[in-house]
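# Tertiary structure, described
Residue strings, one per chain:
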Amino acid sequence: MQLQKMDMNLFPVLDAIYTTRNLTRTAEQLHLTQPAVSNALARLRRALGDQLFSRTPNGMCPTPFTEQIMPQVQQALSLLASSVAEHHRFEPAAATRTLRVSMNDMAETLVLPRLLEHLQARAPGISVESYYVPRDQLVKELGANSLDFALDVPMISATQLNQHRLSADRYQCMLRPDHPLAEEASLTLDQYLDLEHIHVSSRRSGPGVADIALNKLGRRRRVKLRVQHYRVAPLVVLKTDLALTVPLSLAQQYPAKRFELPFQIPQMDWHLLWHRSQDEDGAHQWLREQILGLFG
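Summarised in this report is the structure supplied together with it. Bear in mind that the values here come from a model prediction, so they are computed numbers and not experimental data. (Residues numbered from 1 in each chain as written. Predicted model: local features only at pLDDT ≥ 70, side-chain atom pairs only at ≥ 80, totals over all residues. Heavy atoms only, no water.)

## Examining the packing of aromatic side chains
Selection criterion: The criterion for an aromatic pair is that two Phe, Tyr or Trp rings (for Trp, the six-membered ring) have centres within 6.5 Å, with stacked assigned to planes under 30 degrees apart, edge-to-face to planes over 60 apart and tilted to the rest. Starting at the N terminus, helices and strands are each numbered in turn, a helix being any DSSP run of H or I of at least four residues and a strand any DSSP run of E of at least two. For every residue, the accessible area obtained with a 1.4 Å probe (protein chains only) is divided by the maximum for its type, and the residue is called buried under 20%, exposed over 50%, and partly exposed between those limits. In this scheme, Lys NZ or Arg CZ marks a charge over a ring once it lies within 6 Å of the ring centre and within 35 degrees of the ring normal.
A full pass over the atoms with the stated rule returns 1 aromatic pair. Summarising the aromatic geometry, the rings of Tyr-192 and Phe-263 are spaced 5.1 Å apart at their centres and angled 65 degrees between planes, so their arrangement reads as edge-to-face. Taken together, the residues span a long stretch of sequence, with Tyr-192 in helix 7 (residues 189-194) and Phe-263 in the loop between strand 11 (257-260) and strand 12 (268-275) at a distance of 71 residues. The same class applies to Tyr-192 as to Phe-263, namely buried. Here the basic side chain of Arg-21 rests over the ring of Tyr-18, its NZ or CZ set 4.7 Å away from the ring centre. Across the ring face of Phe-295, the terminal group of Arg-114 is positioned such that the distance to the ring centre comes to 4.7 Å.

## Remarks on helix 2 (residues 23-30)
Test applied: Arc, as used here, means the arc of the directions from the helix axis to the C-beta atoms. Contacts between residues were defined by any pair of non-hydrogen atoms, one from each residue, lying within 4.5 Å. A 3.5 Å cut-off defines polar contacts: any pair of N or O atoms within that distance qualifies, except that in protein one atom must be a possible hydrogen donor and the other a possible acceptor, and neighbouring residues in sequence count only when both atoms are side-chain atoms.
Those residues of helix 2 lying buried are Leu-23, Thr-26 and Ala-27. Along the axis of helix 2, the buried residues cluster in a sector spanning 100 degrees; they form a single face. Tucked into the core, helix 2 has its buried residues touching helix 1 (10-20), helix 3 (34-48), strand 1 (53-56) and strand 2 (59-62). Capping of helix 2 at its N-terminal end is provided by Asn-22; its side-chain oxygen lies 2.8 Å from the backbone amide nitrogen of Thr-24. Where helix 2 terminates, the next one or two residues include His-31, which has phi positive at roughly 60 degrees.

## What about the nonpolar core?
Selection rule: As used here, the term nonpolar core means buried Ala, Val, Leu, Ile, Met, Phe, Trp, Tyr and Cys residues forming a set that is joined through side-chain atoms within 4.5 Å.
With 57 residues, the main nonpolar core has Ile-126, Tyr-192 and Phe-263 as its most contacted residues. Considering each element in turn, this core owes the most residues, 7 residues, to helix 5 (residues 105-122). Filtering out sequence-adjacent residues up to four positions away, Phe-263 remains in contact with Leu-189, Tyr-192, Ala-210, Ala-213, Leu-214 and Leu-217. Listed in part, the 19 residues of the second largest apolar core include Leu-10, Tyr-18, Ala-40 and Leu-41.

In structure tokens, the structure reads:
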């Protein structure tokens, strides 16, 4: 017999017949028809090369071969059942695993301090790895379980992913506290455009959300510095006359002068993304509940 060619669904039938000694009760227990059980028994007999059971006045009597293999069969079925149950059951305090999340440096700033404090109290055995995966690779990485989650903008076309909105951030203009314009109550569009700006992007070229909004108005800002990461940009602002258009949640962490933008710009939506195949995993369910809970 070649086990890899055998239908594993037949073994629960074998176990049920062995336990009940009755094909009708087996059918009821497994929610099958009696002909389906008889067919499964016939397939088992062919696959295992033994009669397995004989009919007697007292029910289906197992053959010596069946008696020999059933302890191992039942042990294997029990192990499989407990493994499936463990997949759905998760005990945070005893868990040891690594949570892998894709996010950029600003998302790390928003999430990691609160998340690590939360996990330390409830699941101290969980470690966290954070690194940025390009958006066009997220579906592949999440589907391959190389990542557990991603924090990113909504991905409307990624039907393989589930998404949940975490927060929405509006943009502000950030200047150093002693900037020549710091005493102004608000910024006009001309004042904004007279400033030299920092543009944050992981790409070598291309406009940002502020540039796109200004282009629609037929206007353009002067970019003096282009950097990859949001965390370094405010430090430059505090030492120079440069302006930074940045989400409020980051700007308010610095002793800077903040202005509402003198033009309309879409807010930054942060979404938690995960692959649909992880929906029923107990550990994954618990972890995403914790992350979503941090954002109310």
